[in-house]
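Letter by letter, the chains look like this.
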Amino acid sequence: MSMMKIKFPMVPSDYVFKEKYFLKDAKTQPVFFKYKVKFLGGYSQNYTIKWLEIFSRYNGISANIIQSEWGPGHYFISDPDIFNDRPDLFVVFLLPQDFYSLSRTSSPMEEISEIRSNIYKFVKECEKKKINIVFSTLETDLISFPDTIKNNSFLSFSIDLNQTLNEINLAYKNVLIFSISNICSGFEFENYVSSRDWYAFGNPFNINASFLIGNYLNNHIRGLLGLSKKVLVTDLDNTLWGGVIGDDGPGNIKIGNETPEGRIFADLQMYIYHLSKRGIFIAISSKNEKHLALEGFMNENSILKITDFANAEINWNIKSESIRSISKFLNVGLESVFFLDDNPVEREEVNSSCPEVLVPNVSDDPFTFLQALKFYDPFCIGVKPLEEDISRNRSIKSIKQQTDLLAKVKSYNEFLKNLSIKVTIQKISDKNFDRVLQLNNKTNQFNFTTLRLKQDELSEIMSNQNNLNLTYSVSDKFTNYGLTGIIFLEIGKDKIIVNNWVMSCRVFKKTVEIAILNEVVKVASNKKIMKIHLKYISTIKNSLLLSFLKDNGFQQLKQNTSAFDFQEWVLDLSKKLEFKHYIEVLT
């Protein structure tokens, strides 16, 4: 899958007039996901829709975008017919034009209670139907008319409405609010509105803003589909701080408020620090003497400390080797990595050797690092993190503790016994729904079909009375990994069908999968069923599962005939089977 080629500093006007070229190129990209989006309000959003289609297609997503009739966004949310299209996402535009035109005699403040009530009803209905929503905040600088009644000022109204949106954003997992001005800040154009575009075409934003809004919405959809990156790998010299620490010394690197350049690096470090608090792994790939490089984090102005990093490859190896080493240590695929480096030679080497890694084409201006992180939004920060995300970095300490334990024991089996692993099995429910959806959509290696699910599809699977859909959470003596596995079972008269089975890479190679298989066998035995059928779609990333199937007695029945046709494997329980594991299973 090719990415749209962007050069930083990024100026939207360099791209917006090449729309036809990018649309043609995007349509050559393969489609892995289909996603339906419905725009409510916003009047004419043709530019935004075109760019959302382009950016989505570059990410393997075919976006079917439906635009409401001409009118204010808050009018449509109270119309029950808007759900007839069964969208996956509503985008609701709230604009000053919507409210100044309420009537000649009334003011917006007189209708705020009804508008607030309608928004809450709409959000609750979307939550029930498993539909995500994006609201734009109301921004007063899009258009302005003089206020005639002091107490009913439009500024007061916008503050009141935005406060309502903020409360909803905090209370509901399926809601995101975004600011048009925030999306457009940091890019090289003077204004994001155009009076000409509004009066002539009914477009409240100019083409530059529409380009950025389309990209922003695409990034959010990527996150909802589980396509966010997991690891940020960064260089050090002239990337996390200004200067070369081996030449300038730790006291002379540029970081902090003393210089303009230092302030940018401080902001970049703060951004990365907050990524780590969301559960994003941050790692270092730097060509340096390690003892010198580590002194940079002792600078009193350095926000990041070496303990914030999951892994640090500080040596003279080529960068692609270091990134592969980081990927192996964290047990994640290279496609989950975003790499930041000021040196174009290093970036090109990684691009050539690890094409799966996303490498932004930044300049030597550190501001472009922030701009690239904002534009690509590789970690999809609009999607609310789950507890399993936030706790992910805690597992790094566990990895090191396990490495030490493995070095002390005589065998790998003894190592597993000493880990005291516990697996807790529960049914899929509304309580763990979001985590199940995320795990299914983000996991590539231990995922038998790699078929992604949307919210309504998962709800449909849960409602099928013939299905037994289970989750399992894993812990050991060092850490609690949380919910790290799901298995979708279909119970038939004479066989159990495993429609999909997914497990996080964080609990690989600990016989957890053997313990789960043994539990499925118990379910079959209790129902006097002698056959377990399993669906498998082979990909480059999940090829390890073939060995698992063969090693545990499965036989192939059906050969796939196309890339997306599944193989069917069967386990005959009439044969003598032994599933040895070192897991305590709790139900």
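Residues numbered from 1 in each chain as written. Predicted model: local features only at pLDDT ≥ 70, side-chain atom pairs only at ≥ 80, totals over all residues. Heavy atoms only, no water.

**Quick notes on the pairing of strand E12 (residues 467–475)**
Put simply, the rule is: Per-residue accessibility, obtained with a 1.4 Å probe over protein chains only, is compared with the maximum for each type, and a residue is labelled buried under 20%, exposed over 50%, and partly exposed between these values. Strands are runs of DSSP state E lasting at least 2 residues, helices are runs of H or I lasting at least 4, and numbering of each runs from the N terminus. The rule for pairing is simple: two strands pair if DSSP sees at least two bridges between them.
Burial analysis of E12 places seven of its nine residues in the buried class, the great majority of the element. Pairing analysis gives six bridges linking strand E10 (residues 421–427) to E12, with the strands arranged antiparallel. Note on E12: the bridge partner recorded for Gln426 is Thr471. When E12 meets strand E13 (residues 480–491), the two strands line up antiparallel, connected through nine bridges. Opposite Ser475, over in E13, you have Asn480 as the bridge partner. Between E12 and E13, which pair antiparallel in sequence order, lie four residues.

**Regarding the pattern of salt bridges**
Oppositely charged side chains are able to pair whenever their charged atoms sit close together. Our working definition: Only one rule defines a salt bridge in this text: a Lys or Arg side-chain nitrogen within 4 Å of an Asp or Glu carboxyl oxygen.
Throughout the structure, instances matching the rule amount to 16 salt bridges. Of the charged contacts, one joins Lys173 and Asp434 as a salt bridge, the two residues approaching to 3.6 Å between their closest N and O atoms. On the criterion of sequence distance, the pair formed by Lys173 in the loop between helix H7 (154–171) and strand E5 (175–178) and Asp434 in helix H20 (residues 433–442) is long-range, its members being 261 residues apart. A relative accessible area of 58% means that Lys173 is categorised as exposed. A relative accessible area of 24% means that Asp434 is categorised as partly exposed.

**So, the sheet that holds strand E6 (residues 231–234)**
We count it as follows: Axis angles are defined between N-to-C directions and span 0 to 180 degrees, where every axis is a line fitted to C-alpha atoms and, for a helix, only to the segment in contact. Any pair of residues with heavy atoms lying within 4.5 Å of one another is described as a contacting pair.
Pairing in this open sheet of four strands is parallel, and the strands run E8-E7-E6-E9 from one edge to the other. With one partner strand each, in any of the chains shown, strand E8 (311–315) and strand E9 (337–340) form the two edges of the open sheet. Here the strands of the sheet are splayed against their neighbours by 15° on average, with no regard to which way each runs. Here E6 pairs with strand E7 (residues 281–287) via four bridges, running parallel. Of the residues in E7, the one forming a bridge with Val233 is Ala283. Strands E6, E7, E8 and E9 of the sheet are contacted by helix H14 (residues 319–330), whose axis makes an angle of about 150° with E7.

**Considering the pairing of E6**
The side-chain alternation of E6 yields two buried faces, one formed by Val231 and Val233 and the other by Leu232 and Thr234. Here E6 pairs with E9 via four bridges, running parallel. Within the sheet, the bridge partner assigned to Leu232 lies in E9 and is Phe338.

**Brief notes about H7**
Worth spelling out the cut-off: The span you would expect from a helix comes to 1.5 Å times its residue count less one. Comment: arc refers to directions from the helix axis out to C-beta atoms.
If you check H7, its first and last C-alpha atoms are 26 Å apart, about what 18 residues at 1.5 Å a residue would give, namely 26 Å. Those residues of H7 that fall on the buried side of the exposure criterion are Phe154, Phe157, Ser158, Leu161, Thr164, Leu165, Ile168 and Asn169. For H7, the angular spread of the buried residues around the axis is 140°, confining them to a single face. Summarising the geometry of H7, the exposed residues directed more than 90 degrees from the buried face are Leu155, Ile159, Leu170 and Ala171.

**What to know about the environment of Asp235**
When you line up the elements, Asp235 lands in the loop between E6 and helix H11 (245–248). Considered as a pair, Asp235 and Ser286 are 51 residues apart in the sequence and their alpha carbons are 5.0 Å apart. Leave out the neighbours within four places in its chain, and Asp235 touches Leu240, Ser285, Ser286, Lys319, Leu340, Asp341 and Asp342.

**Concerning the packing of H14 against helix H15 (residues 344–353)**
For clarity, the threshold we go by: Each angle receives one of four descriptions, namely roughly parallel if under 35 degrees, roughly antiparallel if over 145, roughly perpendicular if within 65 to 115, and oblique otherwise. Residue classes follow a fixed rule: Ala, Val, Leu, Ile, Met, Phe, Trp, Tyr, Cys and Pro count as nonpolar, while Asp, Glu, Lys and Arg count as charged, and any other residue, Gly among them, counts as polar.
Running from N to C, H14 and H15 point in directions that differ by 60°, and their axes come no closer than 8 Å. Judged by the angle between their axes, H14 and H15 are oblique. On H15, the residues that touch Lys319, Ser320, Ile323 and Arg324 of H14 are Glu346, Glu349, Val350 and Ser353. Of the residues in the contact of H14 with H15, the class split is two nonpolar, two polar and four charged.

**Re the nonpolar core**
The nonpolar side chains of a soluble globular protein tend to be buried with one another. Stated formally: By nonpolar core is meant a set of buried Ala, Val, Leu, Ile, Met, Phe, Trp, Tyr and Cys residues that side-chain atoms within 4.5 Å join together.
One finds Met4, Met10, Phe39, Phe211 and Phe375 to be the most contacted residues of the largest nonpolar core, which totals 76 residues. Sort the elements by how many residues they give to this core and helix H10 (residues 207–224) lands first, with seven residues. With 64 residues, the next largest nonpolar core counts Ala310, Val337, Val350 and Ile529 among its residues.

**A look at the environment of Ser429**
Position of Ser429 relative to the elements: it lies in the loop between E10 and H20. Between the alpha carbons of Ser429 and Tyr376 there is a distance of 33 Å; along the sequence they are 53 residues apart.

**Some details on the side chain of Thr479**
Residue placement: Thr479 occurs in the loop between E12 and E13. If we skip the residues at most four places from it in the chain, Thr479 touches Arg394 and Ser398.

**A closer look at the packing of aromatic side chains**
The way to describe two aromatic rings as a pair is by their centre distance and the angle between their planes. Our working definition: Ring pairs are drawn from Phe, Tyr and Trp, using the six-membered ring of Trp, whenever the two centres fall within 6.5 Å, and their geometry is named by plane angle: stacked under 30 degrees, edge-to-face over 60, tilted for the rest. In this scheme, Lys NZ or Arg CZ marks a charge over a ring once it lies within 6 Å of the ring centre and within 35 degrees of the ring normal.
Considering all chains together, one arrives at 37 aromatic pairs under this definition. These aromatic residues form a ring-pair network of at least three members: Phe8, Tyr15, Tyr21, Phe22, Trp51, Phe55, Phe187, Phe211, Phe375 and Tyr376. Directly above the aromatic system of Phe83 lies the positively charged group of Lys129, at a separation of 5.4 Å from the ring centroid. A cation over a ring is seen here: Lys535 above Phe566, with NZ or CZ 5.1 Å from the ring centre.

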